[in-house]
Structure formats: structure tokens, C-alpha cells
Amino acid sequence: MELLPVLVLNGLVWGLIVALIALGLSIIFGLLDFVNVAHGDFFMVGAVLAWVLIAGTGNFWIAFAIVPVIGLILGSLIERGVLKPVENDASLSIVASFGLSLILQEGVRATYGATPKRILDPLGVTVPVFGFEYEVYRLFAAGVSVIAIAGFFLFLQRTKFGTWMRAVRQDREMAIAMGVPSDRIFMVTFGLGTAMAMLGGVVAAPLTSVEFRLGLDVLPLCFIAVIIGGLGNLPGTAAAAVLLSVLEGFITSIAEPTTARIISLVIMSVVLLVRPQGIFTRVTA
Amino acid sequence: MNGRARGVAVAPLVLLLAAAAAPLVLVNYQLVFLAEILIWGLFALSFGLVYGFGGMLSFAQALYFGAGCYGFNLATYKYGLGTWGAIGAGLVAAVAFAIPTGYIATRVRQHHFLIVTVILSVLTSAVLASGHWRWIAGPYVTRSLPFVPTVPIGPWEFSFGSETFAFYFTAALVAVAVWLAARLTSSPFGTALRAIRDNESRAALVGLNVNLLRWLMFTFAAGIAGLAGTLYVLLARYTNLEFFEWTYSGKAAVAAIVGGASSLAGPFAGMAFYLVTAEYLSRYFQQFAILFGILLLVVLRFAPEGLYVAAARLARDAYARFGQRRLARGEER
């Protein structure tokens, strides 16, 4: 029970990282109108690339700087090459993203191997928190997620591109009629979503063991956050991710982690039945 | 129309004859492999029924395959039922599990439906893997049959020790399931479901109970997946927790879509292609699934209705052109 504050803090840190990843999923859904089943695997690829870069250069910060850029480029290329041809059919897009997920997982297994690997804490410093020595890196990870999420919302609100993205989300046809370059928007949106997942991967890599199945654990978490927050509701998604993880932290202090996970899943099922639009979305129309 | 009607009657007969003759041509391990293709093909058909005929992109079919295995094991170990009873129990388990889960899933649409099916699978796997609730999960999920199952038919008793019998038994039950699926999809119920798939609001306007029909189809398809599960236990004498995972449903989805999800033969063709190439490729290249991912993307790009359906259409067009040419020549004379 004396572990409670630490578990809740861990939940908060993890929740912020999940919020970052889930936002990527949500923005892709909001604009391209399909659920990206490969999103968790982009997270995994981010973590794996971090491991590879650290093994090559010995420096975490190089990985931290490069991987999101790789994500942006990779995501844009994939949108152009793979998703564009099927963009008019949501089911086909989802199936295509499942194909991507297969390719990413098996590709990583073929090159990186199937054994889980660990990354050393890049800071290696602890501070006393509630009487425990707490890793500073976890606080750093939470900070990075907060800054990235805030930066993303600023980008949406304050830049021309962000305004275009919001316009396409609201009314695609009208936006296109007003001259918004929708093709480019879709490409950049998918690139951004991918970059967010891969940034999440780098940040989370030192906190977990890195392996090719990592995405399979994260994807359901993002799904739960997206459902509870409201599919396509960006602030709702972020809030739901954080709330859920803190709740799981609470429950973990009195029960097993699996029980905590099962409780979140049950909460999601109930939300889905009672408020399918999410708890943070007001019903319009 | 005449040609098509004839094709419908001839194709199953040819397939049945081919199945009957298979033990004459194939050696034992090939027979077992063929039976395995039929079982996994039936599993892919379960996805095809839900997605290709009902328009529901489900990642939950593995749950019902797993439930079939579970029901079989429960009946065998706890209640000591024979093979027929265990098969029945597997079916009951799959359908009984599909009724509530399908009710939750089919109430929501498209993206939510997909997410719900994934989450239901994750939830079930989490419960079964957690190590709590041993009385549910414990002895019935991951298990190997310690004996060779026998099947009493009339006064005779057949053993799965014979590969020939194992193949015939599997093929017969798969044929019955496909026949049922064919009856169902060509019935007014199947037509109504296709109407819902193509335009839900219009279907609702003409008075179809959309949610109920979707739920019924989902439950029927779950029964098909459950049958595949029980047949798998009988053939492989082995079950595993991973059969419940949503990535297993993903395999059925890939096979069914590559083959053609909106036909009955497409999922079997896709799964046969998957398993045969996997069998040969995995000797040289462990991660052959990458190639299937790529193949899937190519199929989606160029033949989104699936390879089997595309090939069948090409063949029909070619046949029609051939017929027209013959007709034209006849008129010249």
C-alpha cells in the first residue's frame, strides 16, 4: 500500500506516453477516416530503431532526435504508396493497415530478432519522491510527452497547416472546394501520426523491453483511450489515456496488473454501450 | 444464366469427388495437411461470412474458434463425453459466447465494431492468460489430447489413428458447414444481409431489422468458427491460448480477403494458398508472413474483391466471349 504514490506516478507517466500515441491514432482517424491497426507497430518500430541507433552510436539523444523524423518520412511515404489507392473504402484501408502491421512485425523479427532487449536508463539519476528513489528519466519521459502533445495542439491551432487539417476534419468537401490541398494534408497527417507513435516508442524504449510484439500491447490501450475519449475527439482521447493509466496505477496497488487491465477493458465496454460517442463528446446533430 | 446455374451444381460435385479420391493419390501426411487446410479454410470462411456477406470487419473470429476448442476440452475432460458430444459442446460454447459478445459488437458500426472485436479478444485472452479464475481457464485452454479420439458411426467405431478416416471425417463436416452457409447466404436472409452491407439506411427504411440480422449472421459465423475449432482439436489433438488472440483472426482475414471474402470458395482458396506457400517458404525463410503482408497490399490495390473472385470473373468473361464467338461463327454459316 505504501507503493501507491509511486504506482500512481508510474501510471501518470505511462498514461502521458499512451496519450501521445493515441493522439496520433485519433488524428489519423479524424482525417483519413479509418482505424490504423498498424499504429501500435509504428510505436514498436520507434522503440526498435531507438535500440538500433543506441547500439550503433552509444547515444540516446541521437535516437531521440532522429527517430521522429524517420517516422514523419516513413508515414508520409506509406500514405502515398499504400493507403492512397484504397482511401475511399474504410474497410480496405483497415485491412491494408493490418497488412502493414504484418510487414512491420515480421520485418523487425527478421532483422532485429525475436529476443526482447533492454535499453539502459539514459539519465541514470534518481530523485527521492514520496520516500522512494524515483528515476528522473520517467519524469523526463512524461515531460517530453506533455511538450509533444502541447506542441501538437499549438500546431493545430496556430499554423496554416493546422488550420487546414481542422478544416478537412470538419468538412472535407467544403475544405477541398476552398482550395485546401487535401492530398498533401492526408500525407502529412499520416506522417505526423506515425511520428507521434514513433516518438512514443523512443521515449518508452528505456522503460520497457524492446521486442517485435510490443505494438500488440499498446494498440488495445490506444483503442480504449480513443473509445472512452470519443473517436476523433483529440483532447478527450488524451484525457482518457491519462485518466485510465492513473486508475490502473491505483488498482495495481491493491490487485494484480491484469485485474487493472481487465477493469479498464470493462469500463470501455460499458462506455461503448452507454455513450458510444465517448464520455467527453457532446452529442451534436 | 444457364451456364452459371450449371456451374453452381457442378462445382460442389467435382469438389466432393476430388475429396473422395484424395486418399488414393495422396500419402498420409499430405492427407492430414489437406484436412488442416479445410479446417483453417472453414475458419477463414467464418470471417468471410461476417465481412464479405455482412460487411462487418471482425477481429473476433478467433474467439469462437478458441471457444470451440474450449467446449470440446470441457466436454471431454470434465463431463467425459464422446467425440460427438464434444463436437456438440464445442459448437454450443462458440454460439453461447457469440450471443452476448455479438450483441455488444453488432450494436455499433464500422470503426467501433472493429475496435470492439479487438478489445473483446484482448479481454478474453487477458482473462484466460492471467492465471486467476483457474476454474474457467485452467485445464481447458492449453492442452494436448492424451488419447486418439474415436468416432462411433452407427454400429462401427472409427479411429483418428487412421489418416484416411481423419481426412474423410473432417471433409464431411466441413462440407456440411459449407452447404449450410451456402443455403443461408442464398436465402432471403442472405439477400437481406447483403442489402444491409451495401446500404444500411436504405435496408432499414424498407423495414429490415438491421441489428438483429447482423447479430444472427455474427452468431452463425461464430458457430462455423467453433466447428473449425473442434475439428482442429480432433485432428491435431492440441489446443493453445494463442487461438483466442485477435492476430489469429487477422490471419483468417488476410486469407479470406486475398482469396475473396464475398464468396464461399474464396476463403478456402486464400487459406490453401497461405498454408501451402507457408509450408514450403518457411523452410527457406522464417518470416514468410512479410510476403503475405505485401501480397495483401497488392491484392487490395489491384483486385480488392480477392484473387479467387477475380479469377472466376475472368474465366466467366473468357467463357462468355468464347460462347459469343461461337455464336457469331454459327450465324455466319
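Note that the coordinates shown come from a computational prediction; the quantities given were computed from them, not determined experimentally.

### Examining the overall build of chain B
Turning to step 1, where the next piece is worked out: When helices and strands are tallied, chain B shows 14 helices and 4 strands.
Turning to step 2, where the next piece is worked out: The globule rule puts the C-alpha radius of gyration for 333 residues at 20 Å, and the 21 Å found for chain B is close to it.
Turning to step 3, where the next piece is worked out: Referenced to the eigenvectors of the C-alpha coordinate spread, the extents of chain B come out at roughly 75 × 55 × 45 Å.
Turning to step 4, where the next piece is worked out: Here the contacts in chain B between residues at least 6 apart in sequence split such that 76% fall between residues at least 24 apart.

### Structural notes on the interface of chain B and chain A
Turning to step 1, where the next piece is worked out: Listed as interface residues are 38 residues of chain B and, on the opposing side, 39 residues of chain A.
Turning to step 2, where the next piece is worked out: Of the roughly 3600 Å² buried where chain B meets chain A, counting both sides, 83% is carbon and sulfur surface.
Turning to step 3, where the next piece is worked out: Applying the counting criterion to the chain B and chain A interface returns 1 salt bridge.
Turning to step 4, where the next piece is worked out: The residue Arg213(A) makes a salt bridge to Glu245(B) at a minimum N-O spacing of 3.8 Å.
Turning to step 5, where the next piece is worked out: There are 0 residue pairs in polar contact (both at pLDDT 80 or more) connecting chain B and chain A.
Turning to step 6, where the next piece is worked out: Among the elements of the structure, α5 (110–129), α11 (246–259) and α13 (289–302) of chain B are those that each provide at least two residues to the side of chain B that touches chain A.
Turning to step 7, where the next piece is worked out: No other element matches the 12 residues that α5(B) contributes to the side of chain B that touches chain A.
Turning to step 8, where the next piece is worked out: Split into classes, the residues belonging to the side of chain B that touches chain A amount to 25 nonpolar, 9 polar and 4 charged.

### Brief notes about the confidence of the model for chain B
Residues and elements named next belong to chain B.
Turning to step 1, where the next piece is worked out: The pLDDT averaged across chain B works out to 86; a share of 94% of its residues lies at or above 70.
Turning to step 2, where the next piece is worked out: Here residues 1–7 scores under 50 on pLDDT; set against residues more than four positions off or in separate chains, the count is 2 contacts.
Turning to step 3, where the next piece is worked out: As scored by the predictor, the complex reaches a pTM of 0.87 and an ipTM of 0.84.

### Regarding a nonpolar patch on the surface
Residue and element names in this part refer to chain B.
Turning to step 1, where the next piece is worked out: Side chains of Tyr284, Phe285, Leu291, Ile294, Val298 and Phe302 sit close together on the surface and give an oily, nonpolar patch of about 640 Å² of accessible area.
Turning to step 2, where the next piece is worked out: One can find Phe302 in helix α13.
Turning to step 3, where the next piece is worked out: Its relative accessible area of 63% is what places Phe302 among the exposed residues.

### Points about the pairing of strand β3 (residues 156–159) of chain B
Residue and element names in this part refer to chain B.
Turning to step 1, where the next piece is worked out: Pairing between strand β2 (residues 150–153) and β3: 4 bridges, direction antiparallel. When the bridges of β3 are listed, Ile153 appears paired with Trp156.
Turning to step 2, where the next piece is worked out: As consecutive antiparallel partners, β2 and β3 are separated by 2 residues, and within that stretch Gly154 has a phi angle of approximately 60 degrees, a positive value.

### Describing the environment of Phe220(B)
Residue and element names in this part refer to chain B.
Turning to step 1, where the next piece is worked out: With respect to the element layout, Phe220 can be found in helix α10 (residues 210–236).
Turning to step 2, where the next piece is worked out: Separated by 126 residues in the primary sequence, Phe220 and Ala94 place their C-alpha atoms 9.6 Å from one another.
Turning to step 3, where the next piece is worked out: Beyond its immediate chain neighbours, meaning those up to four positions away, Phe220 contacts Leu49, Leu180, Ala181 and Leu184.

Calculation notes
- Residues numbered from 1 in each chain as written.
- Chains lettered and ligands numbered in written order.
- Predicted model: local features only at pLDDT ≥ 70, side-chain atom pairs only at ≥ 80, totals over all residues.
- Heavy atoms only, no water.
- Helix = DSSP H or I, 4+ residues; strand = E, 2+ residues; numbered from the N terminus.
- Rg over C-alpha atoms; globule rule 2.2 N^0.38 Å.
- Contact = heavy atoms within 4.5 Å.
- Buried area = accessible area lost by both parts, 1.4 Å probe.
- Salt bridge = Lys/Arg side-chain N within 4 Å of Asp/Glu carboxyl O.
- Polar contact = N/O pair within 3.5 Å; in protein donor to acceptor, adjacent residues only side chain to side chain.
- Nonpolar A, V, L, I, M, F, W, Y, C, P; charged D, E, K, R; others polar.
- pLDDT = per-residue confidence, 0-100.
- Patch = residues over 30% accessible without salt bridge, like charges linked within 9 Å, V, L, I, M, F, W, Y side chains within 5 Å.
- Areas by Shrake-Rupley, 256 points an atom, 1.4 Å probe, with all protein chains shown as cover.
- Buried < 20%, exposed > 50% of the residue type's maximum accessible area, 1.4 Å probe, protein only.
- Pairing = 2+ DSSP bridges.

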